[in-house]
Amino acid sequence: MIQERYLNALVLFGLIAVPLYAMATEELFTITLATRAVILALAAVGLNLALGLGGLVSFGHATFFGIGGYTMGVLAYHAQTYTALDLGLFTIEGTKSMPIIWLVAIILSSLVAVVIGMLSLRTSGVYFIMITLAFGQMFFFFTISWAAYGGEDGLSIYVRNGFPGLNTLVPIQFYGICFVILCAVLFLNARLAKSPFGLALNAARQTPMRTQTVGLDPTRLKLVAFVISGAITGLAGALFADLNRFVSPTMFSWQFSGEIMLFIILGGVGRLFGPVIGAVIFVTLEHFLGEITDFWHIYLGVILVIIVLFARGGIVGLLSGRGGGHD
Amino acid sequence: MSTVLIIEQVLNGLQFGVMLFLMAAGLTLIFGVMGLINLAHGSFYMIGAFVAAAVAAATGSFLLALIAALIAAAAAGAIVEMVVIRRLYATDHLDQVLATFALILVFSEGTRWIFGSFPLFLDIPGYLSGPVTLPGGIQYPLYRLTLIGAGLAVGLGLWALIERTRVGIQIRAGENDREMIAALGVDISKLYTLVFALGAALAGLSGALVGAIQSVQVGMGEPVLILAFVVIVIGGIGSIKGAFVGALLVGLTDTLGGIFLPQLFKLFMEQSAATNAGSAVASMSIYILMSIVLIWKPTGLFGARP
C-alpha cells in the first residue's frame, strides 16, 4: 500500500526520467511514445473533470479532441499552402504558431461545448450518454464528407508547427511542451477541485436537490464543468494533431471517446492522477502487447473486465488501498 | 424523380428499419428488465453473421445457417451473462459501459483470430434470389422483401411472447419491480439469463439475415450497434413499441435522406456543391433526428418519466 500523493509523485518522476533516459540512449521512439501518453492523458484529464467531478458520463468527448485536431489541421494547411481561410464575411491567414493554434482550439471547443452542453444537460443518465455520442457521430460524419479538408483521407501537415524559442522538431523539446501543459492543467484541476466552484460541483453530483435548495443551479455548475472539460480535451486534440502531423475523422470516432473514458476508469475515477496513470498504462500495453501478438486487444479486454469487476477505484484505488474512491 | 424510385426507397428504408428493430428490441429489453447498457450487443450480431457464413459454407443450407446463428448467438449471450454481465447489474452505468466495451475488444479480436481478417461471404439462397414484380409493375429483390416479412413476423412473435405468455408476464413484472417478483418465487437470475440470451439471439438472427446482402467482417456490429442505440433512445429506453417506431423512423430517415436531401439542396445550390452538402447532411440526419427528439422529449417518444 502506498499513499496516493507518493504514487502521484512517482508517476511525475517517471514521466520526467524515462524520456530523459531515452534521450541519453538515443531511443527516439520511446520519446514519441511518452509524448503520445502525455497527450492522451491530457485529453482524459479533461474528460475526468466532467466525469469524475461533475458525474457527467460524456460518451462524445472525441468531438472536442477532433475539433482541436481540425483547428490545427485547417490553420496549418492554409499556412503551408499560402491560401487565406475564407470565412464568408472576412478571410484570415493560416498560422504555424502553436500558441495561436492552441488558443483557437480552446475557444472553438469551448463554444461547441457550450452548445452541446446546453442541449445535452436537458437529459440525464443513459440519455445523456447517448446524446453526447450522437453529437460526436455528427461531427464524425460531417468531417468524412468535408472534401475541402481531405474528407475521409484526412489532412497531412508537412512540418510540425513552431513554438517561440524552441525547436519543436526535436522530440524531447516537443515532449517538454506537452509535459509542461499537462502539469499546468493538473495543477489547475487540483485547485479547481478545492475551489468553491469545485465543492459546489461535487455537491451537485452527489445531491442535486440539496444543492438546488441552497440556491445553487446544478445544471449551470455542470455546464461550466462540461465547457472547461471540453476546452482541455480540445487542447489535447491540437497537440495530438501536431504529434502525428496528421488529422483525420478518426479523431472524432466514438471508439476514441470510449478509449479516454477507459483511461479514467483504468486509473481511477475522480482521482487527480487517475487518467494519467490510465493513459500511461494503456500506451505501454498497446506497445508491448502489440509487439508480442497481433491480437493484443483480447488481453486488453480481459484485463479491463477484471479491473471493472474486481478493482473498483481503478489502479490508484488498488495501490493506495482505498477502493471505490468516488461517491 | 419517379414514384417507382420513391416506393423502392421506402421499401429499402423499411427493410433497414426492421433489421434495426431486431437489434434494438434486444437492447431495449435488456435495458428495461436489467437496467444494463450493453455495448457488446453488436458482437452478437457479428457472431450470428460469422456462424451463418461458416455453416452455410459447410452445409450449403441457408436455413441451417440461420438456425445455427440463432443458437450460437443465444449461447454466447447466455455464457457472457453468467460469467460477466451478472456482476454488473448493481454497478453504475459507467462500469457497464467500460466492461461491455472491453467485451467488444475480446469478441472482435477473438473472431479475427478464428476467422482471419478477410471478409466472408454469405450467399442469398436460390429460392430467395432474383426480383419479384409488385403491384404497379415495380421490380423489387425478393430477398429484401423476405427480410421485411421476417422482421415483422419476429416483431409479432416478440409481442405475443411478452403480452401473451407466462414468461412475458414475468419479464414485464421484472421491468416494474424486480424485488417483488423475486419475492413471489420467480428465479430472477434465470429470468435475466433468458432475457439476455433472447436479446442476443435476435441480434444474431439480424446479423445472419443482413450478412447475405453485405460482407461478413470483423467490426460489422459496431455501426449497427450505434444505430440501434439511436433507435432505442428515440423510442424511449425499455419500450418495445418505441424501439419499433424508432427503428422505422431511423431506417426511413437514413435511406430517404441519402436520396432526397441532395435533390433538395439542388433547388438553391449549384450541382456539385449540392451533392456534397446533401450527402453530408444526409449522413448526419439520424443524429440530428435523435437530438431533436431528445430536446423535445428528454426520455424519448415512448419512454417512462424519469
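Residues numbered from 1 in each chain as written. Chains lettered and ligands numbered in written order. Predicted model: local features only at pLDDT ≥ 70, side-chain atom pairs only at ≥ 80, totals over all residues. Heavy atoms only, no water.

Attention now moves to empty space enclosed by the protein. Following the criterion strictly, the structure yields three cavities of 30 Å³ or more and no others. Of the volumes computed, that of the largest cavity is approximately 60 Å³. Taken together, the residues of the lining of the largest cavity sort by class into five nonpolar, three polar and two charged. (1 Å grid on protein atoms, 1.4 Å probe; cavity = no way out; pocket = protein on both sides within 12 Å on 5 of 7 lines; lining within 4 Å. Points joined across faces, edges and corners; volume = space filled by probe spheres on them. Nonpolar A, V, L, I, M, F, W, Y, C, P; charged D, E, K, R; others polar.)

A few words now on the side chain of His61(A). All names here are of chain A. Relative to the assigned elements, His61 resides in the loop between α2 (28–53) and α3 (62–80). Judged by relative accessible area, His61 falls into the buried class, the value being 0%. In terms of polar contacts, His61 uses its side chain to reach the side chain of Ser58, at 2.8 Å. Excluding residues that lie within four positions of it along the chain, His61 makes contacts with Leu47, Phe226, Ser229, Gly230, Thr233, Ser257 and Ile260. (Helix = DSSP H or I, 4+ residues; strand = E, 2+ residues; numbered from the N terminus. Buried < 20%, exposed > 50% of the residue type's maximum accessible area, 1.4 Å probe, protein only. Polar contact = N/O pair within 3.5 Å; in protein donor to acceptor, adjacent residues only side chain to side chain. Contact = heavy atoms within 4.5 Å.)

As annotated in UniProt, the feature "transmembrane region" (unreviewed entry) corresponds to residues 16–37, 44–60, 66–85, 97–122, 142–162, 191–213, 225–252 and 273–296 of chain B in the numbering used here. What you have in residues 142–162 of chain B is 100% helix and 0% strand, and the ends, taken at the C-alpha atoms, are 30 Å apart. (UniProt positions renumbered as here; feature names shortened; annotations may be inferred.)

With that settled, consider the layout of surface pockets. When its volume is computed, the second largest pocket comes out at roughly 720 Å³. Lining the second largest pocket are 35 residues, with Phe141(A), Phe16(B), Pro223(B), Val224(B) and Leu227(B) positioned closest to its centre. Looking at the lining of the second largest pocket, the elements with two or more residues in it are α5 (126–144) and α10 (254–267) of chain A together with α1 (3–34), α8 (188–211), α9 (221–235), α10 (240–266) and α11 (271–296) of chain B. The leading source of residues in the lining of the second largest pocket is α1(B), at six residues.

Residue and element names in this part refer to chain B. On the surface, Leu63, Leu64, Ile67, Leu70, Ile71 and Tyr127 cluster together to form a nonpolar patch covering roughly 610 Å² of accessible area. Mapped onto the elements of the fold, Leu64 is located in helix α3 (residues 62–83). Of the residues examined, Leu64 reaches a relative accessible area of 44% and is grouped as partly exposed. (Patch = residues over 30% accessible without salt bridge, like charges linked within 9 Å, V, L, I, M, F, W, Y side chains within 5 Å. Areas by Shrake-Rupley, 256 points an atom, 1.4 Å probe, with all protein chains shown as cover. Salt bridge = Lys/Arg side-chain N within 4 Å of Asp/Glu carboxyl O.)

Here we come to the pattern of salt bridges. Residues and elements named next belong to chain A. All told, the structure shown has six salt bridges over all chains when counted by the stated rule. In this structure, the salt-bridge partner of Arg36 is Glu286, at a minimum N-O distance of 3.2 Å. Here Glu286 lies in helix α11 (residues 274–292) and Arg36 lies in helix α2, a separation of 250 residues in the sequence.

Moving on, we get to unusual backbone geometry. Phi at Glu26(A) is positive, roughly 60°, even though this residue is not glycine. Structurally, Glu26(A) can be placed in the loop between α1 (4–24) and α2.

Moving on, we come to the interface of chain A and chain B. On the chain B side, the residues contacting the 40 residues of chain A number 43 residues. Summed over both sides, the interface of chain A with chain B buries roughly 3900 Å², with 83% coming from carbon and sulfur. Counting across the chain A and chain B interface gives zero salt bridges. Counting every contact that joins chain A to chain B gives four residue pairs in polar contact (both at pLDDT 80 or more). Elements with a minimum of two residues in the side of chain A that touches chain B: α5, α10 and α12 (296–310) of chain A. Take the side of chain A that touches chain B: its biggest share by element is 12 residues, from α5(A). Looking at the side of chain A that touches chain B residue by residue, the class counts come to 28 nonpolar, eight polar and four charged. (Buried area = accessible area lost by both parts, 1.4 Å probe.)

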